[in-house]
Amino acid sequence: MGDWPEKQRNVVRYVFLHPRARDLFDDWDEQIRACVGRLRALAGIEPDAPDLAQLIDELHSKSPEFTDLWERYDVRWHTHGSKTFHHPEVVVPGGRHSYVYGAGRVPEADAAIEQIGAWVREKAKI
């Protein structure tokens with residue numbers, strides 16, 4: 001995403017339009033379905049948001065996958081989840097990076113993230 005202009009940096013745009021997105025996300029098919037469902041939910045709340053309308057129009061014009069999923073009328077709320085990435089430059093056991101996210105901070109997650117960070121820092125010394 002860093003190679004795109006700042007105003008175009010958007011995860012939804014990325015998963016549908018960036019040529020490396022399919023390789024980056026472990027579960028690309030689920031990611032695109034979830035992105036469209038969340039956009040539908042947002043469009044229902046903010047139907048007059050110009051940036052949202054422009055993004056949806058752009059995706060319709062450039063991505064047949066987006067159009068197909070949009071026409072299914074699936075609506076999803078974004079409350080929590082996880083993403084697994086195949087990073088092209090950073091190698092970890094199994095070749096995957098997992099991120100867990102939620103609506104608020106969770107002390108147990110903070111501790112786990114710190115442990116992972118310490119492990120990565122230690123392995124980087126090798």
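Note that this is a predicted model, so its numbers are computed, not measured.

## Brief notes about the packing of helix α3 (residues 28–45) against helix α4 (residues 50–62)
It is at 11 Å that the axes of α3 and α4 come closest, and there the two elements cross at 140°. Relative to α4, α3 is oriented oblique. Crossing geometry of α3 relative to α4 is assigned as left-handed. Residue-level contacts link Leu39, Leu42 and Ala43 of α3 to Leu52, Leu55, Ile56 and Leu59 of α4. Looking at side-chain class alone, the contact of α3 with α4 contains seven nonpolar, no polar and no charged residues.

## A word on unusual backbone geometry
In this structure, Tyr73 is a non-glycine residue whose phi angle is positive, near 60°. The residue Tyr73 is located in the loop between α5 (64–70) and β1 (80–85) in this model.

## Comments concerning α4
Here α4 spans 18 Å end to end across 13 residues, near enough to the 18 Å set by a 1.5 Å rise per residue. Leu52, Leu55, Ile56, Glu58 and Leu59 are the residues of α4 that are buried. Looking straight down α4, one finds that the buried residues subtend no more than 160° of arc, so they occupy a single side. Facing away from the buried side of α4 by over 90 degrees, the exposed positions are Pro50, Gln54, Asp57 and Ser61. Summarising the contacts, the buried residues of α4 are in contact with α1 (11–17), α3 and α5.

## A short note on the packing of aromatic side chains
One pass over the structure, following the stated rule, counts two aromatic pairs. A ring pair is formed by Phe16 and Phe66, whose centres lie 5.4 Å apart and whose planes are at 90°; its orientation type is edge-to-face. With Phe16 in helix α1 and Phe66 in helix α5, this pair connects stretches of sequence that are 50 residues apart. Here Phe66 falls in the buried class, since its relative accessible area comes to 0%. Aromatic side chains Phe66 and Trp70 sit 5.4 Å apart centroid to centroid with 25° between the ring planes, which places their arrangement in the stacked category. Remark: Trp70 and Phe66 occur in helix α5; sequence separation between them is four residues, near one turn of the helix. Take Phe66 and Trp70: they sit in the same class, and that class is buried. An aromatic cluster is built from Phe16, Phe66 and Trp70, whose rings are joined through pairwise contacts. One cation-aromatic arrangement involves Arg40 over Trp70; the distance from NZ or CZ to the ring centre is 3.9 Å.

Cut-off values and rules
Residues numbered from 1 in each chain as written. Predicted model: local features only at pLDDT ≥ 70, side-chain atom pairs only at ≥ 80, totals over all residues. Heavy atoms only, no water. Axes fitted to C-alpha atoms, helices over the stretch in contact; angles between N-to-C directions. Helix = DSSP H or I, 4+ residues; strand = E, 2+ residues; numbered from the N terminus. Parallel < 35°, antiparallel > 145°, perpendicular 65-115°, else oblique. Left-handed = near helix turned anticlockwise from the far one by under 90°. Contact = heavy atoms within 4.5 Å. Nonpolar A, V, L, I, M, F, W, Y, C, P; charged D, E, K, R; others polar. Expected span 1.5 Å × (residues − 1). Buried < 20%, exposed > 50% of the residue type's maximum accessible area, 1.4 Å probe, protein only. Arc of directions from axis to C-beta. Phe/Tyr/Trp six-rings, centres within 6.5 Å; stacked < 30°, edge-to-face > 60°. Lys NZ or Arg CZ within 6 Å of the ring centre and 35° of its normal.

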